[in-house]
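This is what each chain is made of:
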Amino acid sequence: METLSNLLVGLSVAADPINLLYVTVGVIAGMIIGALPGLGPSAGIAILLPLTFGVQPVAGIIMLAGIYYGAMYGGSITSILINVPGDSASVMTTLDGYPMALAGRGGAALGMSAFASFIGGTICVVVFMYLAPALAKVALSFGPPEYFALMALGLTTLAGMTGKYPLKGFLAAVVGLFLSVVGLDLVTGLPRYTFGWRQLFGGVDFITAAMGLFGIAEILATAEEAQTNTFVVPKSELRWRKLFPTLKDWAVSAWHILHGTAVGFFIGILPGAGATIASFISYGIAKSTSRHPEKFGKGAIEGVAAPEAANNAASVGAMVPLLTLGVPGSASTAVMMGALLMFNLRPGPLLFERNPEFVWGLIGSMYIGNVMLIVLSLVAIPVFVRILQVPRPLLNSVVMAFILLGTYSLNNSMFDVVMAVFFGLVGYAMKKMEIPAAPLVLALVLGNLLENSLRQSLILSNGSPAIFFTRPISASLMAVALAAVAWPAFKGLRGLARARATA
Amino acid sequence: MRRADRIMSILTLLLGIYVLVTALGLQYRLDDLPGPGFVPFWSGVAMIALSLIILAGTFTRRAGGSPGPFSRESVRNMAASLGGCVAMVGLTRILGFLVALGLLVGFFARLWGTRSWAATILIATLLPVILYFLFGMALGVSIPKGVLGF
């Protein structure tokens, strides 16, 4: 009952005209950014963050959440129509979405993708609504050792699971950890690695870093690939009626949407895994449980429904650890955490007690945002497609200008612009070298919190690190964190031994 | 890729050594608790260890001979993009942020393959105006002005 009355308060906050406007702008902007190849939700949130300056925190976060699920859906538009995934979470959508488009059923694939995203997102918001406050209550009993272990778990799993090479993921996380200590030490006031630059005393701004690593780096990488514009979409594909899947489509997809939702939400909650892995796993489940697995890859609509439900479900699931524990588990939620801190809101269990109107306003907006998403996707797909037909070099230049001015506007500082360009070049090189940027950004966001909780834990234990392994929750979390480091190492050694045996 | 990995791991190895050495100059422990040098010290150690493992991997047979990730064209593209950004930062002092940004947008549009001069000029002049209304007017950002007064 309490949950429902809280939801009503949340819905009234979200239905405020200005908040409605922000969620609409967020969803549209997110869909456009998400549809641009290379730019995913994390880049979308980082690039569009300056639009939230000067607004109320609740309106700001509502818009960012809108960008998040808008971008998550936007990625599927290009996946289906031109076989170019907007981001990694929509890669699986290309497998059946594009063959459907080739067979003249692109409209149905787009429609199913929108409906599956809507259903997945909405079911997960309901679960989120009941689960998050309960988890926040449990998290209130967490002390510094539990938080330290939780952050260590988030970092190690993300570093070990993103990208092809776990070693490079760990290296990125360690570099991020180092960057997080740049600035004045909170305890002694000593400057660390500031090279005498006053601008670095406050530390490396992680929003600037995210704009460079996710935004500029992606633009530089796609700019050299896409010299020509290849968006040729037959208009007949985008007729309104063609966007509605048939009853037969629904019959074969319903079950796959449901399991995609469950898998997506569960994986989204886990630190490190996220929407991409959720879409891969749910596609695998859909194929193995289908009566016609041979149709997968040739235009099976359930092959679009399952991963699309899963990636939107995962984006809601990823909000659980961010809001209840204050520990983001993915690149997108790490950037959102940066935004929350910018609004002077510290995500974590106390947020539910101290700022209920904020949390419930956000939950309310998730319902409204999901409805907005389906309405906009059905009404505005032809418009998005037209935007995508603007030549890529021009689109890239526009996004680049937006990033540079957006970075400047963070602190009215040209130094931030220089830093964003620096991180852009570093990110471009990392992309080329197949080093994931997400662990670096997450470590940069969590670094200071990690250092503080380490110090506080050791104060509690009079300097003994055993405290992390003697308390049940922190011990379990540390065990999983250590396993996340040990498992890739074990796999690497086993691979080496096998290679030697066959040589 | 093998050569690129080798260069990258040597660079991160050097960074790790630098971090480790400078961390020793900060206090490792303070009142029996981790001091300001604690996290940098262990970051340096981990960076050195991981770099050495990746470096060692480039000498094994498994490293393979996949093509290098940086083509001549990609290096030229990156250098030109960097040059454009540096010029923009420099020109901001003289021409103001928006004019410099407009020039950069035009430069990027050409660099990345726009053939039409009309489209280039249109985007280079129109975009700063739109951004001025969005950031300067709607969001109240104080954008640096130049000698032209905007």
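These lines cover the structure that appears in this document, whether it is placed above or below. Throughout this description, residue numbers start from 1 for each chain and increase along the sequence as written. Each chain gets a letter, beginning with A, and each ligand a number, beginning with 1, in the order they are written. Per-residue local features of the predicted model are confined to residues with pLDDT of at least 70, and side-chain atom pairs are confined, for both listing and counting, to 80 or more; whole-chain, interface and lining totals are unaffected and use all residues. The side-chain values count all of the structure's non-hydrogen atoms but skip hydrogen atoms and water molecules.

Next up on the list: a nonpolar patch on the surface. All names here are of chain B. Exposure above 30% relative accessible area and the absence of a salt bridge qualify a residue for a patch, where like charges join within 9 Å and nonpolar side chains (Val, Leu, Ile, Met, Phe, Trp, Tyr) within 5 Å. Working definition of accessibility: Shrake-Rupley area with a 1.4 Å probe, residue cover restricted to the visible protein chains. By definition, a salt bridge exists where a carboxyl oxygen of Asp or Glu is found within 4 Å of a side-chain nitrogen of Lys or Arg. The grouping of Ile7, Ile10, Leu11, Leu14, Ile17 and Val21 at the surface amounts to a nonpolar patch, some 550 Å² of accessible area in total. With respect to the element layout, Val21 can be found in helix α1 (residues 2-25). Judged by its relative accessible area of 53%, Val21 falls in the exposed class. A run of H or I in DSSP becomes a helix once it reaches four residues, and a run of E becomes a strand once it reaches two; helices and strands are each numbered from the N terminus. Any residue under 20% of the maximum accessible area for its type is buried, any over 50% is exposed, and the rest in between are partly exposed; the area is computed with a 1.4 Å probe on protein chains only.

Residue and element names in this part refer to chain A. To estimate how far a helix should reach, multiply one less than its number of residues by 1.5 Å. For helix α9 (residues 206-225), built from 20 residues, the straight-helix expectation of 28 Å at 1.5 Å per residue is met to within 8% by its first-to-last C-alpha distance of 28 Å. Two axes enter the definition of the bend at a residue: one is fitted to the seven residues ending there, the other to the seven starting there, and the bend is the angle between them. At Gly212, α9 shows its maximal bend, which comes to roughly 30°. Of all the 20 residues making up α9, 19 are buried; the element is thus mostly covered by neighbouring parts of the structure.

A few words on the packing of aromatic side chains. Put simply, two rings from Phe, Tyr or Trp (the six-membered ring, in Trp's case) pair if the centres are within 6.5 Å, and we call them stacked under 30 degrees between planes, edge-to-face over 60, tilted for the rest. Enumeration over the complete set of coordinates arrives at 19 aromatic pairs over all chains. Between Phe422(A) and Phe423(A), the aromatic rings sit 5.4 Å apart at their centres with planes inclined by 70°, giving edge-to-face as the arrangement. On the basis of relative accessibility, which here comes to 3%, the residue Phe423(A) falls in the buried class. Seen from their ring centres, Tyr28(B) and Phe41(B) are 5.2 Å apart, and the 75° between their planes marks the pair as edge-to-face. Taken together, the positions of Tyr28(B) in the loop between α1 and β1 (29-30) and Phe41(B) in helix α2 (residues 38-57) put the pair 13 residues apart, joining distant regions of the chain. Above the plane of the ring of Tyr165(A) lies Lys168(A), whose end atom (NZ or CZ) is 4.8 Å from the centre. Counted as over-ring charges are cases with an Arg CZ or a Lys NZ within 6 Å of the ring centre that also lie within 35 degrees of the ring normal. Taking the ring centre of Trp117(B) as reference, the NZ or CZ of Arg110(B) above it sits at 3.9 Å.

Turning our attention to the nonpolar core. Remark: nonpolar core denotes a set of buried residues (Ala, Val, Leu, Ile, Met, Phe, Trp, Tyr, Cys) joined through side-chain atoms within 4.5 Å. By size, the foremost hydrophobic cluster in this structure holds 216 residues, and its most contacted members are Ile47(A), Phe128(A), Met336(A), Ile363(A), Leu405(A), Leu101(B) and Leu131(B). Top contributing element to this core by residue count: helix α16 (residues 356-388) of chain A, with 18 residues. Whether two residues are in contact is decided by their heavy atoms: any pair within 4.5 Å suffices. Excluding residues that lie within four positions of it along the chain, Ile47(A) makes contacts with Ile33(A), Leu39(A), Met211(A), Gly215(A), Val399(A), Phe402(A) and Ile403(A). Judged by nonpolar contacts, the second largest core, of six residues, contains Met92(A), Ala286(A), Ala300(A) and Ala306(A).

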